[in-house]
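# Coordinates in review
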Amino acid sequence: MSGPFEAAWEAIRNGLRRDLGARTFDHWLKPMKLTGFEEEKGMVQLELPSHFMADWVREHYSDRLRYAWRATVPSVREIDIAAAAGASRPALFIVGEEDVLPPTEQLTGTTSDSIGTPLENRYVFANFVTGTANEVAFNAARMMADTGVPMFSSLYIHAGTGLGKTHLLHAIGHEFLRQKPRSNVLYMSAEKFMYEFVSAMRERDTIGFKQKLRSADLLLVDDVQFIAGKEATQEEFFHTINEIIAAGHRLVISADRPPHELGAVDKRIASRLAGGLVTDLRQADLDHRRRIVSHKLAQMPQANMPQDVADFLAQRFSASIRELEGALTRVVAYSLLSKRPIDIAFAQETLADLLRHSQRRITIDEIQRSVCEHYGIRHAEMTSARRAREVARPRQVAMYLAKRLTPRSLPEIGRRFGGRDHTTVIHAIKRIKELRVADSELDSDVRSLLRKLES
Ligand SMILES: Nc1ncnc2c1ncn2[C@@H]1O[C@H](COP(=O)(O)OP(=O)(O)OP(=O)(O)O)[C@@H](O)[C@H]1O
């Protein structure tokens, strides 16, 4: 394992020890080893000495470990918790000492139902820096957190990766609990929803599972796109959201795309979700990113970062706040560990791998927005079914640019353009290539878009 991963793991372990208390940490997390990183999937591999421990940690701490990793090393997307090779799987487990079971109440910010995941302490409204890219979503989130009569029963927040969806969901949970400490707030990722549902089916206790969900005053479900394609879970999820809303409880959902682009997600779910308030988080502009950096620095009293380095980070990490935050944390941590002062050269050296990566990061959303602005059409036309030339051509240009400027596959690009088939994307690319030769006006449009996007 390379230095940055070891250093991050050390920092994460220290944070977990502090948050969970020494007893729980020593029993369950201390024996865990960092064994690898699968670059393609962005997956960190962690290992425990037995299957029992691996199962337990996976069930109770995987979300927490995932947040911690993602917040510390931007290239991490997932974590894999496994038992060491050769670990035995006992047929029967007898737990002799009651104190080996982790007392979940020790987790700070624990929601009141055990099937949910604890709320992360630092994901509160006060730590969420607002700007034009996110203020509508932020205000909507504040409104959902207010325990008075809500204007909408559900809120759906969509955004690309690392732009603050999870942070806002947790912040809603914290604020709701602050105003109404006895209420039942349930936060879970859609993956956890599926996991709990399948476990409940296996244990023949789906009724208990449903009751727990429906007793939530506020249900927060993160990354709902993961439910796509899992039919039994979708069905259950659909009934749950219907009942939660019908019973006057609140529901907040996040996803990486708007409801109508959920693809394999049941149409009924998509339209139910679209019926509430739908809002997005966009990429922060430079001034906003600067304010985020200074907010984060203000919370690291030990950090001594000159303004030019803070500006350099804000300029260079534009695609996601997670990346920006990860870069900042890394520079500060390395300077403290190596006892070297921070300057631009130090930041460049410490972040060399990320800087190479960040230079080429252009998102499909950014491409679509630039194309719409260039041609003066609405963003919704990128995903609409309309075939009129004035929207179809810009859409084709955007698909062409998406293939050229992002590492996305053809099916992925099709999906981001209103669930179109990959053959439509192939056709668009071919057509724009031909037109760039035959039509100088279109060619100059493409050139100026390329210049703008690559600058
Ligand atoms: N506006 C903001 N102000 C301060 N911090 C932010 C803001 N937006 C995001 N962050 C921070 O960036 C990191 C990534 O945010 P978060 O995990 O909420 O993103 P996400 O949209 O849920 O990403 P993913 O889709 O990959 O799960 C978090 O540490 C979060 O605190």
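Since this is a predicted model, take the numbers as computed values, not measurements. Numbering of residues starts from 1 in every chain and runs along the sequence as written. Whole-chain, interface and lining totals are the exception, using all residues; otherwise, since this is a predicted model, local features are given only for residues with pLDDT of at least 70 and side-chain atom pairs are given and counted only at 80 or more. The basis for every side-chain value is the complete set of non-hydrogen atoms in the structure, without hydrogens or water.

Here we come to the side chain of Arg250. Within the secondary structure, Arg250 is located in strand 7 (residues 250-255). Only protein chains enter the calculation, and the probe is 1.4 Å; a residue is then buried if its accessible area is under 20% of its type maximum, exposed if over 50%, and partly exposed in between. Under this rule, positive means Lys or Arg and negative means Asp or Glu; His and the chain ends count for nothing. Put simply, a salt bridge is a Lys or Arg side-chain nitrogen that is within 4 Å of an Asp or Glu carboxyl oxygen. Of the side chains with opposite charge, Asp146 lies nearest to the buried Arg250, which makes no salt bridge, at 6.3 Å. In terms of polar contacts, Arg250 uses its side chain to reach the backbone carbonyl oxygen of Thr147, at 3.5 Å. The helix count covers DSSP runs of H or I at least four residues long, the strand count covers runs of E at least two residues long, and both are numbered beginning at the N terminus. For the purposes of these results, a polar contact is taken to be a pair of N or O atoms within 3.5 Å, where, inside protein, one atom must be able to donate a hydrogen and its partner to accept one; residues adjacent in sequence count only when each atom of the pair is a side-chain atom.

We now examine the pattern of salt bridges. Under the definition given, this model contains 27 salt bridges. A salt bridge links Lys41 to Glu38; the nearest nitrogen and oxygen atoms lie 3.5 Å apart. For Glu373, the salt bridge is made with Lys452, and the minimal N-O distance between the two is 3.8 Å. One end of the pair, Glu373, is in helix 15 (residues 364-375); the other, Lys452, is in helix 19 (residues 440-454), with 79 residues separating them in the sequence. Since its relative accessible area comes to 58%, Glu373 is described here as exposed. Taken together, the shared-partner salt bridges connect Glu120, Arg122, Lys296 and Glu325 into one network.

With that settled, consider the packing of aromatic side chains. Each Phe, Tyr or Trp ring, with Trp reduced to its six-membered ring, pairs with another whose centre is within 6.5 Å; inter-plane angles below 30 degrees give stacked pairs, above 60 give edge-to-face pairs, and intermediate values give tilted ones. Applying the stated criterion across every chain yields a total of 7 aromatic pairs. Between Tyr67 and Tyr123 the ring centres are 6.1 Å apart and the planes differ by 70°, which places this aromatic pair in the edge-to-face class. Of this pair, Tyr67 sits in helix 3 (residues 51-72) while Tyr123 is found in the loop between strand 3 (78-83) and helix 4 (135-145), placing the two residues 56 residues apart along the sequence. We note that Tyr67, like Tyr123, is buried. Centre to centre, the rings of Phe193 and Phe209 are 5.6 Å apart; their planes meet at 70°, and the pair counts as edge-to-face. With Phe193 in helix 6 (residues 190-202) and Phe209 in helix 7 (residues 206-214), this pair connects stretches of sequence that are 16 residues apart. The exposure class assigned to Phe209 is buried, which follows from its relative accessible area of 3%. One aromatic cluster in this structure is built from Phe125, Phe128 and Phe138.

Burial of strand 4 (residues 154-158) is extensive: 5 of the 5 residues sit out of reach of the surface. By the alternation rule, side chains of strand 4 split into Ser154, Tyr156 and His158 and Leu155 and Ile157, which are all buried. Each pair of strands is called paired provided DSSP finds at least two bridges between the two strands. Alignment of strand 4 against strand 7, held across 5 bridges, turns out to be parallel. Following the sheet pairing, Ile157 is matched in strand 7 by Ser254. Pairing between strand 4 and strand 8 (residues 277-280): 4 bridges, direction parallel. Opposite Tyr156, over in strand 8, you have Val278 as the bridge partner.

With that settled, consider the packing of helix 3 against helix 6. Interaxial angle, 0 to 180 degrees, is taken between N-to-C directions of lines fitted to C-alpha atoms, where a helix line uses only the stretch in contact. Closest axis-to-axis distance for the helix 3/helix 6 pair is 12 Å, and the angle between their directions is 170°. One element, helix 3, and the other, helix 6, form an angle in the roughly antiparallel class. Of helix 6, the residues touching helix 3 (which contributes Glu59, Asp63 and Arg66) are Glu191, Lys192, Tyr195 and Glu196. Across the contact of helix 3 with helix 6, the residue classes break down as 1 nonpolar, no polar and 6 charged. In what follows, roughly perpendicular refers to angles from 65 to 115 degrees, roughly parallel to angles under 35, roughly antiparallel to angles over 145, and oblique to any angle outside these ranges. For this analysis, residues touch if any pair of their heavy atoms sits within 4.5 Å. Basically, the charged four are Asp, Glu, Lys and Arg, the nonpolar ten are Ala, Val, Leu, Ile, Met, Phe, Trp, Tyr, Cys and Pro, and anything else, Gly included, counts as polar.

UniProt positions are given in the numbering used here, feature names are shortened, and annotations may be inferred rather than shown by experiment. The positions UniProt marks with the feature "binding site: ATP" (unreviewed entry) are Gly162, Gly164, Lys165 and Thr166. Here Gly164 is to be found in the loop between strand 4 and helix 5 (165-179). Exposure remark for Gly164: the relative accessible area of 18% places this residue in the buried category. In this structure, Gly164 is in contact with Phe128 and Leu281, ignoring residues within four places of it in sequence. Tracing the backbone through its elements, the reader meets Thr166 in helix 5.

Throughout, the term near means that a residue has one or more heavy atoms lying within 4 Å of the molecule or strand in question. Near the ligand lie 21 residues; those nearest to it are Thr161, Lys165, Thr166, His167 and Glu325. Arg70 places a polar side-chain atom, nitrogen or oxygen, 2.8 Å from an oxygen atom of the ligand. Here Tyr123 contributes a side-chain N or O atom positioned 3.4 Å from an oxygen atom of the ligand. Contact with the protein chains hides 98% of the accessible area of the ligand, taken as 640 Å² for the molecule alone. Note that accessible areas follow from Shrake-Rupley with a 1.4 Å probe, and for residues the cover is restricted to the protein chains shown.

Attention now moves to the environment of Leu251. As for its position among the elements, Leu251 is in strand 7. A sequence separation of 34 residues divides Leu251 from Asp217, and the C-alpha atoms of the two residues are 8.5 Å apart. Setting aside residues up to four positions removed in sequence, Leu251 forms contacts with Met144, Ser153, Ser154, Leu155, Leu219, Ile241, Ile244, Ile245 and Leu273.

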